[in-house]
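Coordinates in review
The primary structure of each chain is shown beneath.
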Amino acid sequence: MEEKQNIGYYSIIPSTILYNKNLKANQKILYAVITSLSNKERYCFASNKYLAEKLNARANTVSGWITDLRRKNFIQVELIRNDKQEIIQRRIYINDIPYNFYKEYPYTINKEECILQKSKENNIMNNNIKTHTLSKIQYQDRVFLYDYEYENLIEKYGQVKTDKCVEELSLYKKSKDVDYSSDYDTIKRWVIDRVEEREKHKGKENKVRKANFEQRNYENMSEEFWNSFYEN
């Protein structure tokens, strides 16, 4: 998926991170960036490359920082896969319980929150990585796309043209009784070209039809012309 995530106005570094002697300074800053990017969706889906650009670091270095934060239970990582088990998105969740509970800072901790935090910590997976599988959605009779694939097509070609591509591919697959491993790739490979070629051809036909039906200007025709016109 194309990455579109904006950094929020505030970045948070709780005391558990700020005064942790087992974390590097850049890891603490990375944690703060993750909290900022999590403001809207409650998770950060930025890639290592994106985070590295923001922190003026290398992507593999950022990867190591994230791994360390995950192993120390400061963050949780969820991998979103398609039905081929290909990773299509990574989601990073802040594992600071009061932050997740209240959705915002500052906060105060009472006894109930401490119990909640202790219970949540006991239920965290050892490696702190979860996986989630997405399924394709049926469009028309024979076209199957992931939701993010359909959105990408709309972003690239527009809603009207995307729907025409889906309809064209569905009709083709029904008439030929064929299937493709990826309808998304098929649309980008040749269906979009066929739809655009048909639109272009239809545009030319409309111009010819309009030209054939245009009325002539008879205002300045002579009497001889009208006599000849009615005789014919």
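Up top is the structure these notes are about.
Now for a description of the structure that goes with this document.

Definitions and limits used
- Residues numbered from 1 in each chain as written.
- Predicted model: local features only at pLDDT ≥ 70, side-chain atom pairs only at ≥ 80, totals over all residues.
- Heavy atoms only, no water.
- Helix = DSSP H or I, 4+ residues; strand = E, 2+ residues; numbered from the N terminus.
- Buried < 20%, exposed > 50% of the residue type's maximum accessible area, 1.4 Å probe, protein only.
- Contact = heavy atoms within 4.5 Å.
- Areas by Shrake-Rupley, 256 points an atom, 1.4 Å probe, with all protein chains shown as cover.
- Salt bridge = Lys/Arg side-chain N within 4 Å of Asp/Glu carboxyl O.
- Core = buried A, V, L, I, M, F, W, Y, C linked by side-chain atoms within 4.5 Å.
- Phe/Tyr/Trp six-rings, centres within 6.5 Å; stacked < 30°, edge-to-face > 60°.
- Pairing = 2+ DSSP bridges.
- Axes fitted to C-alpha atoms, helices over the stretch in contact; angles between N-to-C directions.
- Left-handed = near helix turned anticlockwise from the far one by under 90°.
- Nonpolar A, V, L, I, M, F, W, Y, C, P; charged D, E, K, R; others polar.

With respect to the overall build of the protein chain
Along its length, the protein chain carries ten helices and five strands. The buried share of the protein chain, reckoned over its 232 residues, is 33%. Intrachain contacts of the protein chain at a sequence separation of at least 6 include 55% that bridge at least 24 residues. When the accessible surface of the protein chain is totalled, it reaches about 16000 Å², and 47% of it is carbon and sulfur.

Focus: the pattern of salt bridges
This model, assessed by the stated rule, comprises eleven salt bridges. Among the salt bridges present, the one from Asp-68 reaches Lys-72, with a minimum N-O distance of 2.5 Å. Notably, a salt bridge pairs Lys-173 with Asp-183, separated by 3.0 Å at the nearest N-O pair. One end of the pair, Lys-173, is in helix H8 (residues 159-176); the other, Asp-183, is in helix H9 (residues 183-212), with ten residues separating them in the sequence. We note that Lys-173, like Asp-183, is buried.

Concerning the nonpolar core
By size, the foremost hydrophobic cluster in this structure holds 23 residues, and its most contacted members are Leu-30, Leu-37, Leu-51, Val-62, Ile-66 and Ile-75. Excluding residues that lie within four positions of it along the chain, Leu-30 makes contacts with Leu-51, Leu-55, Val-62, Trp-65, Ile-66 and Leu-69.

Some details on the packing of aromatic side chains
The geometry of an aromatic ring pair comes down to the distance between the two centres and the angle between the two planes. Applying the stated rule across the entire model yields five aromatic pairs. Taking 5.5 Å as the distance between ring centres and 10° as the angle between the ring planes, the aromatic pair formed by Tyr-146 and Tyr-148 counts as stacked. The burial state of Tyr-146 is the same as that of Tyr-148; both residues are buried. Pairing Tyr-172 with Trp-190 gives two aromatic rings, centres 5.0 Å apart and planes at 70°, and the pair type is edge-to-face. You can see Tyr-172 sitting in helix H8 and its partner Trp-190 sitting in helix H9, a full 18 residues away along the chain. An aromatic cluster is built from Tyr-43, Phe-45 and Tyr-93, whose rings are joined through pairwise contacts.

A closer look at the pairing of strand E2 (residues 87-94)
In this structure, strand E1 (residues 75-81) lies alongside E2, joined through seven bridges in antiparallel fashion. Across the sheet, the residue bridging to Val-77 is Ile-92, located in E2.

What about the packing of helix H2 (residues 25-37) against helix H3 (residues 48-55)?
Geometry of a packed helix pair, given as the angle between the helix axes and the separation of the axes. At a minimum axis distance of 11 Å, the contact between H2 and H3 shows a crossing angle of 115°. For H2 against H3, the interelement crossing comes out right-handed. On the side of H2, the interface is formed by Ile-29, Leu-30, Val-33 and Leu-37, while H3 contributes Tyr-50, Leu-51 and Leu-55. Residues belonging to the contact of H2 with H3 are distributed by class as follows: seven nonpolar, no polar and no charged.

Some points on the pairing of E1
Counting buried positions over the seven residues of E1 gives six, a clear majority of the element. Between E1 and the antiparallel strand that follows it, E2, lie five residues; Gln-85 among them carries a positive phi value of about 65°.

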